[in-house]
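One-letter residues, chain by chain:
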Amino acid sequence: MKVGFATADWSSTVVEEDGSPTPGGSHWIRIGQYLKHIPIEHTVGVLVFSHKLGIFGVTDTKGNHHLDCDVIYMQRWMLSGIPENMDIAKSNGQIIINDLDDWYWGLHDSHMAKSYIDPKKNQDENTNIYRDIISKSDLVVVSTPFLAEKAKSKLRAKEVVMLENCVDFDAYPQREHTDGSPVVIGWHGSTGHRSNDLGEVKRVFPQLPEKEFSFHHTGFSSQAPAFWEETNVSQGRVDLYPMVSPTKLPKMLPFDIGVAPLNDIAFNHAKSWIKPLEYIAAGIPFVASKTPEYLRLRDKYGIGRYAGKFIEWKKAFDALSDPETRIEEAKKNREAVQSLDVKKGALRLEKILESVI
């Protein structure tokens, strides 16, 4: 058996050191990080279709065409023509799996992708086409219970399985928590791909004493809104790292407290616990919004701090300003979620792939 992982999620802003394309965050979390742990023959790249053979293939990053894939594992493809070609490929014995990791039908107006995949504005790539692609798939793999339910009830998916998001704990150096000021509150991500999420902390951040707290943003891009504008803090209080490859992210989290704010909308109800999990892997205690998946992390593993109201955010930051509290919490969090290590996730993905043969 050979699996072709065909993802549309490639970074348009950064490349790897050797000049090769950089996986996007979802590509890396849902596919890329697992590949070295999967013994099944596979390749990864972009989706192609051979009209001569009547099957899909994958073109890898070196330009090689792989037209010998028994299974095509798609991610984020919404292009016209794909549903019809799926019928042809399946009639020729090819198995089609789709990975669904976001609820695109609930996008916020401020999200960069909102208008791009709107059926009214883009006839060639949109969510209506994606719905057909999902419904025609032999199997749909999702990251959260919300997506599992929606895939069945709204997208008419034939069969759905859940693969919870994992991280490579071995890749993350541990934050050293020391007694000193200011305590650094950090967030990583692209402000252009948010749903007014940082607005959740816009009231509390400016109220934190300047001598006691500073801020860090990993993921800066001159093409996206500035972190300090999104959070209403002065620019001088914010240190920046640029947007980087997800393969380098583990070493780009130089802060004491991680925040995971999410606006209370359907798109974010589908969001997995990956951001708090990355903080946990780096030995950084976190404060997260009370969205369904973040609260599931709390309920399943008994860890983390969660906030909605101003006073809840404020109390959490005040408590975590103590280094001993951070050390204790970071250790507890990391020990609790070892089942979400990438090697164990890869075993689950391997079983999913084997199940379709």
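Read on for an overview of the structure. (Residues numbered from 1 in each chain as written. Predicted model: local features only at pLDDT ≥ 70, side-chain atom pairs only at ≥ 80, totals over all residues. Heavy atoms only, no water.)

## Topic: the overall build of the chain
No. 1: When you go through the chain residue by residue, the secondary structure sums to 11 helices and 16 strands.
No. 2: A compact globule built from 357 residues should have a C-alpha radius of gyration of about 21 Å, and the chain, at 21 Å, falls within 12% of that.
No. 3: Principal axes of the C-alpha set define a box for the chain whose edges measure 65 × 45 × 40 Å.
No. 4: Buried residues in the chain amount to 55% of all 357 residues.
No. 5: If you take every contact in the chain between residues at least 6 apart in sequence, the share linking residues at least 24 apart comes to 72%.
No. 6: Of the roughly 15500 Å² that the chain leaves accessible, carbon and sulfur atoms contribute 49%. (Helix = DSSP H or I, 4+ residues; strand = E, 2+ residues; numbered from the N terminus. Rg over C-alpha atoms; globule rule 2.2 N^0.38 Å. Buried < 20%, exposed > 50% of the residue type's maximum accessible area, 1.4 Å probe, protein only. Contact = heavy atoms within 4.5 Å. Areas by Shrake-Rupley, 256 points an atom, 1.4 Å probe, with all protein chains shown as cover.)

## Here's the deal with the nonpolar core
No. 1: Within the largest apolar cluster, 71 residues are counted, with the highest numbers of intra-cluster contacts made by Tyr-73, Ile-185, Phe-205, Phe-317 and Val-337.
No. 2: Beyond its immediate stretch of four places on either side in the chain, Ile-185 contacts Phe-205, Leu-208, Phe-213, Ser-214, Phe-215, His-216, Phe-255, Ile-257, Val-259 and Phe-317.
No. 3: Counting residues in hydrophobic clusters, the runner-up holds 20 residues, among them Met-78, Ile-134, Val-142 and Val-160. (Core = buried A, V, L, I, M, F, W, Y, C linked by side-chain atoms within 4.5 Å.)

## A few points about the packing of aromatic side chains
How two aromatic rings sit relative to each other is set out by the distance from centre to centre and by the angle between their planes.
No. 1: This structure, assessed with the given rule, holds 13 aromatic pairs.
No. 2: Where Phe-286 meets Tyr-306, the ring centres are 5.9 Å apart and the plane angle is 85°; that geometry is what we call edge-to-face. Here Phe-286, found in strand β15 (residues 286-289), pairs with Tyr-306, found in strand β16 (residues 305-307); they are 20 residues apart in sequence, far enough to count as distant.
No. 3: The class of Phe-286 is buried, set by a relative accessible area of 0%.
No. 4: Cluster of aromatic residues (ring-pair linked, three or more members): Trp-103, Tyr-104, Trp-105, Tyr-130 and Phe-146. (Phe/Tyr/Trp six-rings, centres within 6.5 Å; stacked < 30°, edge-to-face > 60°.)

## Focus: the sheet that holds β15
Think of a sheet as strands paired side by side through backbone hydrogen bonds, with each pair either parallel or antiparallel.
No. 1: The six strands are arranged β13-β12-β11-β14-β15-β16 in an open sheet whose pairing can be described as parallel. The open sheet is flanked by β13 (238-242) and β16, the only strands paired with a single partner. Each adjacent strand pair in this sheet contributes to an overall mean axis angle of 25°, direction not counted.
No. 2: The strands that helix α9 (residues 310-320) touches are β11 (183-188), β12 (213-220), β14 (257-260), β15 and β16; relative to β15, the one it contacts most, it runs at about 170°. (Pairing = 2+ DSSP bridges. Axes fitted to C-alpha atoms, helices over the stretch in contact; angles between N-to-C directions.)

## A look at the pattern of salt bridges
No. 1: Under the criterion given, the structure shown has 21 salt bridges.
No. 2: Across the pair Lys-300 and Glu-164 runs a salt bridge whose closest N-O atoms are separated by 3.2 Å. Remark: Glu-164 occurs in the loop between β10 (160-162) and β11 and Lys-300 occurs in helix α8 (residues 292-301); sequence separation between them is 136 residues.
No. 3: One salt bridge in this structure joins Lys-314 and Asp-318, with 2.8 Å as the shortest N-O distance. With Lys-314 and Asp-318 both in helix α9, this residue pair falls four residues apart, about one helical turn.
No. 4: Judged by relative accessible area, Asp-318 falls into the partly exposed class, the value being 31%.
No. 5: Salt bridges sharing common partners tie together Asp-9, Arg-76, Asp-101, Asp-102 and Lys-271. (Salt bridge = Lys/Arg side-chain N within 4 Å of Asp/Glu carboxyl O.)

## Description of helix α11 (residues 342-355)
No. 1: In this model α11 runs 20 Å from its N-terminal to its C-terminal C-alpha over 14 residues, within 8% of the 20 Å that 1.5 Å per residue would give.
No. 2: Along α11, the positions that sit buried rather than exposed are Val-342, Gly-345, Ala-346, Leu-349, Glu-350, Ile-352 and Leu-353. Projected down its long axis, α11 shows its buried positions confined to an angular sector of 160°, all on one face. Among the exposed residues of α11, those pointing more than 90 degrees away from its buried face are Lys-351 and Ser-355. (Expected span 1.5 Å × (residues − 1). Arc of directions from axis to C-beta.)

## Here's the deal with helix α4 (residues 145-153)
No. 1: All of the buried residues in α4 are Phe-146, Leu-147, Ala-148, Lys-150 and Ala-151.
No. 2: In this fold, the buried residues of α4 make contact with β8 (95-100), β9 (139-142), β10 and α6 (266-269).

## Details of the sheet that holds strand β1 (residues 2-7)
No. 1: If you walk across this open sheet you meet the eight strands as β6-β5-β4-β1-β7-β8-β9-β10, and the pairing is mixed. Edge positions in the sheet fall to β6 (65-66) and β10, since each of these pairs with one other strand and no more.
No. 2: With two bridges connecting them, strand β5 (residues 55-59) and β6 associate as antiparallel partners. In the sheet register, Val-58 faces β6, and the bridge partner there is His-66.
No. 3: Packing against the sheet, α4 makes contact with β8, β9 and β10, and its axis sits at approximately 175° to β10.

## A closer look at the environment of Ser-190
No. 1: Within the element layout of this structure, Ser-190 appears in the loop between β11 and β12.
No. 2: Under the relative-accessibility criterion, Ser-190 is labelled buried at 14%.
No. 3: Beyond its immediate chain neighbours, meaning those up to four positions away, Ser-190 contacts Gly-219 and Met-243.
No. 4: Within the structure, Ser-190 has its side chain in polar contact with the side chain of His-193 (distance 2.9 Å). (Polar contact = N/O pair within 3.5 Å; in protein donor to acceptor, adjacent residues only side chain to side chain.)

## Overview of the environment of His-111
No. 1: Position of His-111 among the secondary structure elements: in the loop between β8 and α3 (127-136).
No. 2: In this structure His-111 comes out as buried when scored by relative accessible area, which is 10%.
No. 3: With 30 residues separating them along the chain, His-111 and Gly-81 place their C-alpha atoms 26 Å apart.
No. 4: Contacts of His-111, omitting those with residues within four sequence positions, involve Gly-192, His-193, Arg-194, Ser-195 and Phe-267.

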